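# Geometric and topological summary
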Amino acid sequence: MAYLVDSSVSSIFEQLTPKEVRNVCIIAHVDHGKTSLADCLISGTGLISARFSGKLRFMDSREDEQTRGITMKSSAISLYYNPLMINLIDSPGHVDFSCEVHYALNLADIAILVVDLVEGVCSQTETLLREAIYSHVDIILVLNKFDRLVVELKMTEAEAFRHIRRLIELINSCVAQIIQGYLIEEDWQKFEATESSRHFDPTKGNVLFASAIHGYAFSLEDFVELWAPKMSIDKELLLRNFFADAYLTPNGIKPDAEAKGKRTVFEQLVLQPLWEVHKCGLIEKQLDKLKEFAKKLSIPPLKSRRIDDAFDEFMRLFLPLTRAAVRAIAKCKSPKETCAEDERLSIFVSPNNHRLWEALRLCDPEAEICVAYVAKLLLCDGKKVAMCRILSGRLVNGTLLYIVDSNQDQSSSITINNLYVLMGRELLPIKSASAGSICAFELDDLASIGTTLCSQSLTETLNLKSSLIEPLVRVSIRTEGDSEEWEKLRKSLRQLAMLDSAVRVFELENGELALVTSGEVHLQKCIQDLNDMGQTNISVSEPMVPFLETIIPDSQCSYAKILTEQLTECNLKNYGISFKLRSISLPDEIVKFLQQNDHILKRTREGIIEQGEHEEFRTSLLKICCETLPKLKGSWWYRKSEQELSSLIERIWSFGPFRAKYNILFNAIPDYDRPSIWRNSNSKLRQLDRAVISGFDLAMSQGPLCDEPMQGVGILVEQWQIGEGLDDPEAAAQRLQDPQIYGQMISAVKQACKVALKKHPLRLVAAMHKCKIQSNSQALGKVHSVLAQRHAKVINEDTNETTGLFEIFAYMPIVESFSFCEQLRKRTSGMASAQMEFSHWQLIEEDPFWKPTTEEEIEEYGEKGDSINQALMYMNSVRKRKGIPTDEVIVVSAEKQRNLKRNK
């Protein structure tokens with residue numbers, strides 16, 4: 001395909017049809033070469049010099065991105081390769097910025113997955129591959145850093161071929177597992193068809209071999225075009241056998257090359273010439289020999305005098321990355337073809353019954369209805385703009401669009417005044433943009449405008465799911481100035497939350513301004529953003545990580561003691577109210593089930609009952625309860641019958657509040673036939689019913705250890721009597737009308753729940769990072785030393801056969817992870833590096849109140865138990881931060897010191 005540099009991109013952009021557009025997103029693990037690949041594609045249009053492609057990092061416009069060498073935000077640029085307009089989005093690879101990748105994939109129809117040939121499939125690679133498959137986009141695999149096989153690993157052609165085949169097989173194995181995961185209930189034929197369409201095979205043209213830093217890439221098609229005429233072999237035949245276990249003979253191509261000790265076609269026709277060129281240019285540094293190669297391959301004379309520059313120039317002329325990449329992109333589906341597929345369209349709207357289904361399926365630029373999906377807000381070229389994709393119709397300056405909001409009956413509107421083409425660090429004005437295009441429009445203020453804009457007033461929004469990444473790292477921010485400075489800080493934080501969807505900003509009851517981010521690197525980026533907004537006179541607290549609290553069964557407690565001692569009774573004598581309740585633990589299986597059905601819990605709390613969905617949820621909950629609860633020794637559940645469990649599930653009073661969803665309030669009161677939460681009912685609520693739920697919510701939101709949310713707790717209300725002990729019924733009824741009774745009832749239920757919780761062993765639950773550390777053998781001891789200091793648990797340690805480095809996998813509490821990477825680099829003198837991502841919540845087995853009791857424990861730990869209790873340290877640090885008293889003693893056994901000198 002011919003490509004050209006065109007200075008009038010804006011005029012071409014306005015005349016585009018959906019078939020001439022390709023929306024492409026580059027995804028990869030951190031440091032695998034996404035931004036270098038983007039540089040090469042940009043250099044093909046003449047925006048930057050080819051000499052700087054792969055090195056300039058044009059799409060990284062932030063200073064901290066250039067300093068760190070990683071991408072922190074998604075950037076878009078429109079590149080014209082006649083006749084295609086490629087809207088290219090460069091997304092971050094660091095796990096802290098996964099939210100940016102999510103929105104980039106929503107905008108794109110094609111994903112370029114970049115994988116380092118040496119490092120292979122990393123943790124984030126698999127995550128991004130899964131998200132791309134779930135988004136139903138076409139995927140092009142780019143095996144990058146091809147030169148490392150020759151220069152660093154010094155592989156032979158045969159070793160390199162085996163290594164490349166193993167890596168592609170591993171990636172295809174990951175694809176199969178991902179497809180099997182979301183098609184688990186579908187028929188087998190659909191699974192095979194989907195897997196076949198997603199299968200990476202160099203002969204299909206969906207695999208490229210590249211070295212973005214040197215500006216070259218190729219597919220098998222490049223070498224088929226080179227060798228087929230010279231060897232008088234049919235192109236189709238050569239392509240089919242190029243990556244197979246076949247070898248060349250004078251009589252044609254024969255199979256079983258490995259068994260017969262022959263060099264394969266790929267080794268002989270691809271790897272051998274490339275090995276010679278790489279050795280000449282990068283190892284032996286022979287400029288004259290490189291020029292001879294150029295002459296033999298009919299490449300124009302090399303202008304560079306330095307061997308490194310000459311090698312790059314040679315490879316750019318021999319195998320230009322832009323040619324291979326644009327050819328692969330052109331073979332993928334256009335926005336019109338993508339929207340015609342029901343699977344891809346279902347990402348935006350519900351099948352068939354959505355009012356916008358037909359309009360989006362046609363993707364017609366001449367349609368009467370105009371629909372735009374707003375992915376994110378950003379500051380670009382000094383302007384406040386919204387990045388969007390036009391799904392139907394044509395967007396023109398002056399168009400009136402309605403902000404579609406399902407929570408409001410009447411939609412507000414916005415007028416599109418200034419449209420732009422995104423050009424990386426700059427904006428290019430345009431008059432209109434058609435369906436299938438990605439563009440931006442200017443906003444007067446960074447206000448929340450939702451994700452759906454439509455030329456007609458609707459209430460049905462696009463059903464695009466938000467990112468599942470939940471921010472965990474919190475800091476408190478304050479300014480040193482007066483009230484005016486505080487107001488400016490609030491405004492800046494609100495603006496930051498609009499620009500970065502992974503940020504949470506809120507003001508606590510005590511006036512404290514809290515900023516919650518995805519991780520340490522994300523936090524540093526947000527602080528830099530605030531500084532750029534003019535907030536330089538601010539102080540930031542130490543990072544705070546949330547904990548959860550739970551209770552566990554006491555295996556040493558008899559069932560008789562559980563029935564009697566774990567029951568808690570509370571009386572409000574003035575009002576004649578008494579109730580009895582107990583707390584019971586819920587196993588991990590039930591908690592995980594509730595987490596998977598988070599959306600149903602939310603709707604249940606809001607009183608929205610969808611009969612079919614709720615009935616299926618209730619049946620599944622009962623099944624998992626019957627499988628797990630009767631086996632829970634040391635618990636009230638032990639040996640409960642299926643009939644008893646079914647009755648309790650049917651009479652669930654409420655699920656936990658927003659901060660502590662995965663807890664359950666059960667109604668076990670014999671004489672209270674409360675309306676079921678599973679279906680609509682005409683029976684009435686008992687007076688003060690809401691007060692009981694409110695007290696339960698408060699108790700679950702603030703646990704007894706350090707006021708952190710509870711998880712995996714059930715509260716069973718066994719008795720509740722009103723008017724007991726009051727002789728005069730009229731006086732009793734009058735007292736129940738007292739407005740103070742609701743507050744007192746809420747407080748009583750909250751305190752009773754806390755007392756009931758304290759009758760069980762209490763534990764903290766910590767958020768955990770999964771760490772992957774790469775180190776050589778010399779620094780291995782120091783790596784384990786740093787991990788031990790951070791209370792990490794090593795789960796696996798193995799040697800990477802390709803790199804020869806040790807790979808250590810460990811779980812580490814997030815609260816211990818701050819400055820971990822920096823400490824690791826310092827202690828190992830740069831010989832080890834780490835990557836971290838959120839993994840799960842894990843119970844801390846240590847009892848925060850443990851004291852030695854047996855003779856063996858006293859002998860080992862002493863009478864006071866002076867050994868370090870990690871759970872107690874975490875608990876006390878949270879209590880100190882919240883201003884809750886601790887049991888720490890500053891001075892122990894204070895005694896006056898005797899002077900040796902005698903005063904006469």
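This text goes with the structure placed above it.
Before going into details, it helps to say that this report is about the structure given with it. Since we're looking at a predicted model, the values are computed, not measured.

Definitions and cut-offs
- Residues numbered from 1 in each chain as written.
- Predicted model: local features only at pLDDT ≥ 70, side-chain atom pairs only at ≥ 80, totals over all residues.
- Heavy atoms only, no water.
- Helix = DSSP H or I, 4+ residues; strand = E, 2+ residues; numbered from the N terminus.
- Rg over C-alpha atoms; globule rule 2.2 N^0.38 Å.
- Lys, Arg positive; Asp, Glu negative; His and termini not counted.
- Charge placed at Lys NZ, Arg CZ, Asp CG, Glu CD.
- 1 Å grid on protein atoms, 1.4 Å probe; cavity = no way out; pocket = protein on both sides within 12 Å on 5 of 7 lines; lining within 4 Å.
- Points joined across faces, edges and corners; volume = space filled by probe spheres on them.
- Nonpolar A, V, L, I, M, F, W, Y, C, P; charged D, E, K, R; others polar.
- Phe/Tyr/Trp six-rings, centres within 6.5 Å; stacked < 30°, edge-to-face > 60°.
- Buried < 20%, exposed > 50% of the residue type's maximum accessible area, 1.4 Å probe, protein only.
- Lys NZ or Arg CZ within 6 Å of the ring centre and 35° of its normal.
- Pairing = 2+ DSSP bridges.
- Axes fitted to C-alpha atoms, helices over the stretch in contact; angles between N-to-C directions.
- Contact = heavy atoms within 4.5 Å.
- Expected span 1.5 Å × (residues − 1).
- Salt bridge = Lys/Arg side-chain N within 4 Å of Asp/Glu carboxyl O.
- Patch = residues over 30% accessible without salt bridge, like charges linked within 9 Å, V, L, I, M, F, W, Y side chains within 5 Å.
- Areas by Shrake-Rupley, 256 points an atom, 1.4 Å probe, with all protein chains shown as cover.
- Disulfide = S-S within 2.5 Å.

## Structural notes on the overall build of the protein
- Helices and strands together make up the secondary structure of the protein, namely 31 helices and 33 strands.
- Rg of the C-alpha trace for the protein: 32 Å, near the compact-globule value of 29 Å for 904 residues, within the 12% margin.
- Placing the 107 positive and 124 negative side-chain charges of the protein at their respective mean positions leaves the two points 4 Å apart.

## Concerning empty space enclosed by the protein
- A complete count under the given rule lists three cavities of 30 Å³ or more for this structure.
- In this structure, the largest cavity encloses a volume near 50 Å³.
- For the largest cavity, the full set of lining residues is F579, L581, L665, V692, I715, V717, W720, M745, V749 and C753.
- The set of elements that each furnish at least two residues to the lining of the largest cavity consists of β26 (577–585), β29 (713–722) and α27 (740–758).
- By residue class, the composition of the lining of the largest cavity is 10 nonpolar, no polar and no charged.

## Regarding the packing of aromatic side chains
- Per the counting criterion, the structure on display carries 23 aromatic pairs.
- The interplanar angle of 35 degrees and the centroid separation of 5.5 Å between the aromatic rings of F161 and F266 together place this pair among those described as tilted. With F161 in helix α7 (residues 157–182) and F266 in helix α11 (residues 265–283), this pair connects stretches of sequence that are 105 residues apart. Each member of the pair, F161 together with F266, is buried.
- Note on F223 and F318: the rings are 6.3 Å apart at their centroids and 85 degrees apart in plane angle, and the pair reads as edge-to-face. Remark: F318 occurs in helix α13 (residues 307–318) and F223 occurs in helix α9 (residues 220–231); sequence separation between them is 95 residues. The same class applies to F223 and to F318, which are both buried.
- Taken together through their ring pairs, the aromatic side chains of F146, F161, F209, F218, F223, F243, F266, W275, F314 and F318 make up a single cluster.
- The ring of W227 carries the charged tip of K230 above its face, separated from the ring centre by 5.7 Å.
- In this structure, R425 is placed above the aromatic ring of F58, and the distance from its NZ or CZ to the ring centre is 5.2 Å.

## Quick look at the sheet that holds strand β20 (residues 473–479)
- Spatially, β21-β22-β20-β23 is the arrangement adopted by the four strands of the open sheet, whose pairing is antiparallel. The open sheet has two edge strands, β21 (504–507) and β23 (538–540), and neither has a second partner. Averaged over all adjacent pairs, the angle separating strand axes in this sheet is 25 degrees, with direction ignored.
- One ladder, built from three bridges, connects β20 with β23; its direction is antiparallel. Within β23, the position partnered with I477 by the bridge is V540.
- Packed onto the sheet, helix α18 (residues 483–499) meets β20, β21, β22 (513–517) and β23 and runs at close to 150 degrees relative to β20.

## Observations regarding α9
- Relative to the 16 Å expected for 12 residues at 1.5 Å per residue, α9 spans 16 Å between its end C-alpha atoms, a close match to the ideal helical length.
- All of the buried residues along α9 are L220, D222, F223, V224 and A228.
- Packing partners of the buried residues in α9 comprise β6 (207–211), β7 (216–218), α10 (235–241), α11, α13 and α14 (321–331).
- Count one or two residues on from α9 and you reach S232, which has phi positive near 55 degrees.

## Concerning the pairing of β29
- Alignment of β26 against β29, held across nine bridges, turns out to be antiparallel. Each bridged residue has a counterpart across the sheet, and for S578 the counterpart in β29 is Q721.
- As judged from the four bridges shared by strand β28 (residues 664–667) and β29, these two strands associate in the parallel manner. Looking across to β29, one finds that L665 is bridged to I715.

## Quick notes on the layout of surface pockets
- Approximately 850 Å³ is the volume found for the second largest pocket.
- Lining the second largest pocket are 31 residues, and of these H94, V521, C821, R825 and A834 lie nearest its centre.
- Those elements giving two or more residues to the lining of the second largest pocket turn out to be α5 (123–134), α19 (520–532), β30 (762–775), α29 (820–827) and β33 (832–843).
- The element best represented in the lining of the second largest pocket is β33, accounting for five residues.
- Per-class residue counts for the lining of the second largest pocket are 10 nonpolar, 13 polar and eight charged.

## Some thoughts on the pairing of strand β24 (residues 547–551)
- Buried residues dominate β24, accounting for five of its five residues.
- Along β24, one buried face is formed by F547, E549 and I551 and the opposite face, lined by L548 and T550, is buried too.
- Sheet topology places β24 next to β30; five bridges connect them, and they run antiparallel. Opposite T550, over in β30, you have R763 as the bridge partner.

## Here we look at the side chain of R879
- Here R879 lies in helix α31 (residues 870–882).
- The side chain of R879 is buried and forms no salt bridge, while D707, the nearest opposite charge, is found at 6.3 Å.
- If we ignore the near neighbours within four places in the chain, the residues touching R879 are P704, L705, C706, I884, P885 and T886.

## A few points about helix α23 (residues 611–628)
- The end-to-end C-alpha distance of α23 is 26 Å, a good match for the 26 Å that 18 residues give at a rise of 1.5 Å each.
- Along α23, the residues classified as buried are H614, F617, R618, L621, L622, I624, C625 and T628.
- Tucked into the core, α23 has its buried residues touching α21 (588–596), α22 (598–605), α24 (642–650) and β27 (652–655).

## Comments concerning a negative patch on the surface
- Negative charge collects at one region of the surface, where E855, E856, E859 and E860 lie side by side.
- Along the chain, the position of E859 falls in helix α30 (residues 855–861).
- Taking relative accessible area as the criterion, E859 reaches 72% and is therefore assigned exposed.

## Here we look at the environment of I884
- Within the secondary structure layout, I884 lies in the segment after α31.
- Through-space distance from the C-alpha of I884 to that of E507 is 20 Å; in sequence the pair is 377 residues apart.

## Thoughts on the pattern of salt bridges
- Tallying each qualifying case throughout the model produces 37 salt bridges.
- A salt bridge links R130 to E126, with the nearest nitrogen and oxygen atoms 3.9 Å apart. Here the residue R130 and the residue E126 both occupy positions in helix α5, the gap between them amounting to four residues, near one helical turn.
- Classification of R130 by relative accessible area gives partly exposed; the value is 31%.
- Accessibility expressed as a relative area gives 27% for E126, which makes it partly exposed.
- Its salt-bridge partner being R361, residue E358 comes within 2.4 Å of it at the nearest N-O pair. Pair noted here: E358 and R361 are both in helix α17 (residues 357–362), with a separation of three residues, about one helical turn.

## Observations concerning the environment of T799
- Following the sequence through the fold, T799 ends up in strand β31 (residues 793–799).
- Distance from T799 to K772, taken between C-alpha atoms, is 12 Å for residues 27 residues apart in sequence.

## Examining the state of the cysteines
- If you walk through the whole model with that rule in mind, you get zero disulfides.
- You can see C363 has no disulfide; the closest cysteine sulfur is in C339, sitting 4.4 Å from it.
- Classification of C363 as buried rests on a relative accessible area of 1%.
- No disulfide involves C439; its sulfur sits 3.9 Å from the nearest other cysteine sulfur, which is in C388.

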